[in-house]
Amino acid sequence: MEVDGIISAIVIGIVIGVLGRLVVPGRQRIGILWTIAVGIVAALIGSAIAGAFDVADTKGVDWVEWLIQIGLAAIGVAALDRSKARR
């Protein structure tokens, strides 16, 4: 992965993390940096999953890839929030 790919993954990860946090109902007890980290990981894993199912590169906006990434971010935010609540 090149430098511009890493930078775009970080920027997209920020957006994905915030969207994933908005999808999870209720108040989350994790900070914004954790949300961004979850979003970056979700963006990278979601891109890999979309590539495996051959829906990563479509004509126009890649809605399926975005939905996969947002879903993964929501799952990650909820899981991290639950793990923080148990402490």
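Coordinates for the structure precede this section.
Below: a short report on this structure. (Residues numbered from 1 in each chain as written. Predicted model: local features only at pLDDT ≥ 70, side-chain atom pairs only at ≥ 80, totals over all residues. Heavy atoms only, no water.)

### Quick notes on the overall build of the chain
Point 1. Each helix and strand in the chain was counted, giving 3 helices and 0 strands.
Point 2. Scanning the chain from its N terminus toward the C terminus, one meets helices and strands in the order α-α-α.
Point 3. For the chain, the C-alpha atoms occupy an extent of roughly 45 × 25 × 20 Å along the three principal directions.
Point 4. Taken over 87 residues, the chain has a buried fraction of 31%.
Point 5. By element, 69% of the accessible surface of the chain is carried by carbon and sulfur atoms, the whole surface being about 5800 Å². (Helix = DSSP H or I, 4+ residues; strand = E, 2+ residues; numbered from the N terminus. Buried < 20%, exposed > 50% of the residue type's maximum accessible area, 1.4 Å probe, protein only. Areas by Shrake-Rupley, 256 points an atom, 1.4 Å probe, with all protein chains shown as cover.)

### A word on the nonpolar core
Point 1. Counting residues in hydrophobic clusters, the biggest one holds 7 residues: V24, I30, V38, A74, V77, A78 and L80.
Point 2. Per element, the largest residue contribution to this core is 4 residues, and it comes from helix α3 (residues 63-85).
Point 3. Setting aside residues up to four positions removed in sequence, V38 forms contacts with A73, G76, V77 and L80.
Point 4. With 5 residues, the next largest nonpolar core counts I16, A42, A43 and A73 among its residues. (Core = buried A, V, L, I, M, F, W, Y, C linked by side-chain atoms within 4.5 Å. Contact = heavy atoms within 4.5 Å.)

### Focus: helix α2 (residues 32-52)
Point 1. With 21 residues, α2 should cover 30 Å at 1.5 Å per step; its first-to-last C-alpha distance of 30 Å lies within 8% of that length.
Point 2. Within the span of α2, buried status applies to T35, V38, G39, A42, A43, G46 and A50. What you see down the axis of α2 is that its buried residues fit within an arc of 145°, all on one side. Opposite its buried face, α2 presents the exposed residues L33, A48 and A52, each directed more than 90 degrees away. (Expected span 1.5 Å × (residues − 1). Arc of directions from axis to C-beta.)

### Here's the deal with the pattern of salt bridges
Point 1. Scanning all chains against the criterion turns up 1 salt bridge.
Point 2. A salt bridge links R29 to D81; its shortest N-O distance comes to 3.9 Å. Of the two residues, R29 sits in the loop between α1 (3-23) and α2 while D81 sits in helix α3, which places them 52 residues apart along the sequence.
Point 3. The exposure class of R29 is partly exposed, given its relative accessible area of 48%.
Point 4. Given a relative accessible area of 10%, D81 falls into the buried group. (Salt bridge = Lys/Arg side-chain N within 4 Å of Asp/Glu carboxyl O.)

### Focus: a nonpolar patch on the surface
Point 1. On the surface, I6, I10, I14, V18, L22, I32 and L33 cluster together into a nonpolar patch covering about 650 Å² of accessible area.
Point 2. For the nonpolar patch, the secondary-structure elements that each account for two or more residues are α1 and α2.
Point 3. Here the nonpolar patch takes 5 residues from α1, the largest share from any one element. (Patch = residues over 30% accessible without salt bridge, like charges linked within 9 Å, V, L, I, M, F, W, Y side chains within 5 Å.)

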